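Fold and geometry: a report
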Amino acid sequence: MPLEPVHMQLNLGPQHPSTHGVFRIVLSLDGERIVKAEPVLGYLHRGIEKLVEYRTYSQILPMFDRLDYVAALLNELVYVQAIEKLLEIEVPPRAEYVRIILCELQRIASHLMWCAAYGMDLGAITPFFYLLREREIVLDIFEIVSGARLTPAFFRIGGVREDIPPGFIEKVDKFLDMFPKKLDDYDQLLTGNEIFLVRTKGVGVLSAEDAINFGVSGPVLRGSGVKFDIRRVEPYSIYDHFDFEIPTNESKDCFGRYAVRMEEMRQSTRIVRQALDKLPDGEVRAKVPKSIKVEGEHYSRIEASKGELGVYIKGDGSTNPYRLKIRAPAFVNLMALPKMLENSLVADVVAILGSIDICMGEVDR
Amino acid sequence: MNTIKMVMISFGMLNFVLAMAAVIMYIERKAMGDIQVRYGPMRVGFHGVLQPLADMLKIVGKEEIIPEGIDKLIFKVAPFVVFVPACMILVTLPLSKTLQVRDLSIGIFYVIAVVTISTVGMIMAGWSSHNKYSMLGGVRAAGQLISYELSLSLVVISIVMLAGTLSMKGIVEAQSSFWYILFQPVGFAIFFLGTMAELCRIPFDLPEAESELVAGYFVEYSGVRFMLFLLAEYMNLFTMCAIATILFLGGWNGPFLPGILWFLIKVYILVFILIWIRGTLPRVRADQLMSLGWKVLLPLSLLNLGITGFVALIVQ
C-alpha cells in the first residue's frame, strides 16, 4: 500500500516580520519546498468603499490617503481626477504641474520604501537605513508643502489646496541633484552583491502571458517584460508633456521587478526635473461649486507606484456617491502570488512576496 | 592545592570570556550603528558602554515562559547543551604563552569535538519547542553545521600536518617565525567561511533567519534560558575567532607588545570583519548554502589537504 505524504501546514502571518503588514499565507510544505500556497486576506479591512457612501465628495479625499499609505498622493490624484472628469472641471496648469511633481516624488518615496524593505526581507539590514534616509528628504518636502508627511490630503477637486511655499523649489532641486548619484550607490550595494543576485534571479518567475492573464500591472508586469504604463498608453494629467522612458526587464523574476523599480526612480527624477523647469505661473485651484453633486459614472485610472490604480464612481446626483469601487493594484498583483510560489522554498516566500510590493492598507481597503 | 589553583584559573577564564562576550556585543552594536548611519546605544553609561550589562540584567529579570504541549525536559536542557560546550572550549584556549587552563595534547581535536555538541542543543531546542518555525530552524541548523564542520575539520588537519602537533600551544609555537595564513590562504578562507556558518551569522544565519523563521530555533525561549543562547552565541564568536587566530594568525606571536595584547588585537580584527560582513551582505538560501558547502568548500579543502600533505612530504 503506497503511503500518502503528509504535508506540514505553516501559517505565515498575519503576524510575521516580513509579510508587510497583516497578510497571511497558509503554506503546505514538503520539507522546505512549497506544495501549495493560499493567501488569506481581510485582516486590515476597514470598509472604506462602504464608508465613503456616507461622506460628501470633499470628505472622501482623506480616506484615499489611508489606502496605500506609502503612496498617499497617488491615491488622491486618481480620486480628484475622477470627480474632475465627471464635473468637467478644467484644472489650472500650475496645479497640474504641482500635482505631477508631488506624485513623482511620491513614487520615488514609495519605491525607496519598497527597496529598503526588500533588502530587509533578504537579510541585508543596512540598505534599509540608507534608503529610508533618502525617503525622509521626500517626506520633508511633503511636510513643507502640506504640513503632513504620510497622509498629506493636499489635492483638491479642481487643483491643490494652496500654492507651493517659498523654498520648495530649491529643496526639490537639491534633492534631484543629490538623488541619482546616491541611487547608483545603493543599486551597486545590492546588484553588486553575488548573494543578492542568486537570491533574486530565477526566483518567482512570472511569464508575460501569465502576468497578463492574472491582470497584474505596474512594475510586476513590466518586470515580466510587458511594456505597459498608463502614463504612456493613456496619458492622464499632463504626462504627454514629458520625455521619459518606460523601463522593462526580460528576466521575469524578482530581479526583473527590482531592476524596473530602480530604473523607474531614475525616470521619475527626470520627470520632476522637467516639471520644475516648465512650472507655469497662475492659479492653483479652479472654481468649483460649494456643494459638489455628481451625476453619472466614471472610471479613472492612473499608474500608481504599484500598478494600475483605478476608481469607479457612480453618483446619483446627491452629495455623496452611490457606489465607489477601488481597483487596488497590489490586490490584483497579489493574486499571482500562488503561481509565483509554485515549487519554491520557504526562504523564497519572503523574496517573492516582497517583490510584488504589497501594502495591506490598499489590499484590504 | 593544584585542584584549587585549577578551579581558580578556570573560573577566571570563564569570566574573562563572558566579559569578552559583553565587549563584543557592545562593539557589534556600535559598529553596526556606524555602518547604518545611526548612533547605536548611547544612554547607559558613557556612549552606552554599559548597555550589554543592562540588557543582561533585564533578560534575567524576565519571566520564563514555558509553552504548553512541549517536551519539557528537552526544552529545559537544550540551552545548557548549547552553552556548556561554549564554555568547555575555553579549557584549552591559549591566550598567551602562560595564560592557558590546560594544554591538552589533543587540543584542537578536542575543540572540534566540543564545538559539534552545540548543534545537538540547537536541534533539541528546535524540536522540543512545538513550533513549526523553530523546528525548521533546528533542521536548518543541523544541515548547515554538518555540511560546514567537515571542511572546517579538513582545514584543521592540514594545519596539524604543518605543525606536527595537536596541542594548541604547540601550533602557536610552530608559527613563531611564519604565520600559517601565508602557507594556507585558501585554508584560511575556508575556515573563515566555516566559522561564519558555524556561528550562524549573516550571510549564513539561516537557523535564526529573522525575516523567514522569525527567530528560528529559540523562538519560544525567554528569560535566563534565552540569555544562555545569546551568551553562547557571543562566546562562540570570541572563541571561534580565537581559534582562527591560533591556527592561522600566529596566536600571541608578535613584536614589542605583550602576547595577550597581540592575541586580542588579532581576535578583534577578525570579530570586526565578521560584524562588517553582517552589515553588508544579505542572507543566502538553505540550498545555496548546502551546495556551497558540499560542492565547493569540501572539494577545495580536500585538495588543500592533499597539496599540504604532498608538499610536507617533499620538504621532509
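What comes next is a walk through the structure.

Rules of the game
- Residues numbered from 1 in each chain as written.
- Chains lettered and ligands numbered in written order.
- Predicted model: local features only at pLDDT ≥ 70, side-chain atom pairs only at ≥ 80, totals over all residues.
- Helix = DSSP H or I, 4+ residues; strand = E, 2+ residues; numbered from the N terminus.
- Rg over C-alpha atoms; globule rule 2.2 N^0.38 Å.
- Buried ≥ 20, exposed ≤ 12 C-beta atoms within 10 Å, placed from the backbone.
- Contact = placed C-beta atoms within 7 Å.
- Nonpolar A, V, L, I, M, F, W, Y, C, P; charged D, E, K, R; others polar.
- Pairing = 2+ DSSP bridges.
- Axes fitted to C-alpha atoms, helices over the stretch in contact; angles between N-to-C directions.
- Parallel < 35°, antiparallel > 145°, perpendicular 65-115°, else oblique.
- Left-handed = near helix turned anticlockwise from the far one by under 90°.
- Expected span 1.5 Å × (residues − 1).

The next thing to look at is the overall build of chain B. Across its full length, chain B carries 12 helices and zero strands. Going from N to C terminus, chain B has its helices and strands arranged as α-α-α-α-α-α-α-α-α-α-α-α. Here chain B has a C-alpha radius of gyration of 20 Å; the compact-globule value for 316 residues is 20 Å, and the two agree. Dimensions of chain B, computed from C-alpha atoms along their principal axes, come out at roughly 65 × 45 × 45 Å. A buried classification covers 46% of the 316 residues belonging to chain B. Sequence-distant contacts in chain B: of pairs separated by 6 or more residues, those separated by 24 or more amount to 77%.

Next up on the list: the overall build of chain A. Across its full length, chain A carries 15 helices and eight strands. Against the compact-globule benchmark of 21 Å for 365 residues, chain A has a radius of gyration of 21 Å, which places it among compact chains. Overall, chain A is about 80 × 50 × 35 Å in size when its C-alpha atoms are taken along their principal axes. Counting across all 365 residues of chain A, residues that qualify as buried make up 49%.

Take the interface of chain A and chain B next. Note: interface size is frequently given as the accessible area lost on complex formation between the parts. Across the contact, 26 residues belong to chain A and 23 residues belong to chain B. Elements represented by at least two residues in the side of chain A that touches chain B include exactly strand S1 (8-12), helix H4 (93-121), helix H5 (126-146), helix H7 (194-200) and helix H14 (346-356) of chain A. For the side of chain A that touches chain B, the per-class residue count stands at 16 nonpolar, six polar and four charged.

Okay, the sheet that holds S1(A) next. The strands that make up a sheet pair up through hydrogen bonds in the backbone, lying either parallel or antiparallel. Residues and elements named next belong to chain A. Spatially, the three strands line up as an open sheet ordered S1-S2-S3, and their pairing is antiparallel. This sheet does not close on itself; its edge strands, each paired only once, are S1 and strand S3 (33-40). Sheet twist, expressed as the average angle between the axes of neighbouring strands with direction ignored, equals 20°. By the bridge criterion, five bridges tie S1 to strand S2 (residues 24-30) in an arrangement that is antiparallel. The residue of S2 that forms the bridge with leucine 10 is leucine 27.

With that settled, the discussion passes to the packing of helix H3 (residues 72-88) of chain B against helix H4 (residues 107-128) of chain B. All names here are of chain B. Running from N to C, H3 and H4 point in directions that differ by 160°, and their axes come no closer than 8 Å. Judged by the angle between their axes, H3 and H4 are roughly antiparallel. For the element pair H3 and H4, the recorded crossing hand is left-handed. Contacts from Ile74, Phe75, Val77, Ala78, Pro79, Val81, Val82, Pro85, Ala86 and Met88 of H3 reach H4 at Val114, Val115, Ile117, Ser118, Val120, Gly121, Met122, Met124, Ala125 and Ser128.

Residues and elements named next belong to chain A. Strand order across the open sheet formed by three strands is S6-S7-S8, with antiparallel pairing between neighbours. Looking along the sheet, the strands with just one partner apiece sit at the ends: strand S6 (295-304) and strand S8 (321-327). Going from strand to strand, the sheet's axes swing by 10° on average, the running direction of each strand aside. Across 10 bridges, S6 lies against strand S7 (residues 307-316) in antiparallel orientation. When the sheet's bridge partners are listed, tyrosine 299 is paired in S7 with tyrosine 312. Packing against the sheet, helix H3 (residues 72-87) makes contact with S6 and S7, and its axis sits at approximately 150° to S6.

Residues and elements named next belong to chain A. With 29 residues, H4 extends 42 Å between its outermost C-alpha atoms, agreeing within 8% with the 42 Å of an ideal straight helix rising 1.5 Å per residue. The element H4 is extensively covered by neighbouring structure, given that 26 of its 29 residues are classed as buried. Just past H4, the residue glycine 123 takes up positive phi, approximately 100°.

Residues and elements named next belong to chain A. Tracing the chain through its elements places glutamine 267 in helix H11 (residues 254-278). The class of glutamine 267 is buried, set by 20 C-beta atoms lying within 10 Å. Spatially, the C-alpha atoms of glutamine 267 and glutamate 303 are 14 Å apart, while their sequence positions differ by 36 residues. Setting aside anything within four residues of it in sequence, one finds glutamine 267 in contact with Phe244, Glu245 and Pro247.

Once that is clear, we can look at unusual backbone geometry. For residues other than glycine, phi is negative in most cases, and the peptide bonds are mostly trans. Residues and elements named next belong to chain B. At valine 37, a position not held by glycine, the phi torsion is positive, near 45°. Assignment of secondary structure puts valine 37 in the loop between helix H1 (2-35) and helix H2 (51-60). Positive phi outside glycine occurs at histidine 47, with the angle close to 50°. Checked against the element boundaries, histidine 47 lands in the loop between H1 and H2.

The subject of this paragraph is the pairing of S2(A). Residues and elements named next belong to chain A. Pairing of S2 with S3 involves seven bridges; the strand directions are antiparallel. Paired with leucine 27 across the two strands is alanine 37, which belongs to S3. From the end of S2 to the start of S3, which pair antiparallel, there are two residues, and glycine 31 there has a positive phi angle of about 70°.

This part takes up the environment of B:Phe226. Residue and element names in this part refer to chain B. With respect to the secondary-structure elements, phenylalanine 226 resides in helix H10 (residues 223-248). Assessed through the 19 C-beta atoms surrounding it within 10 Å, phenylalanine 226 is described here as partly exposed. Sequence separation of phenylalanine 226 and glycine 69 is 157 residues, and the distance between their C-alpha atoms is 19 Å. When residues no more than four places from it in sequence are discounted, the contact partners of phenylalanine 226 are Ile59, Phe218 and Tyr221.

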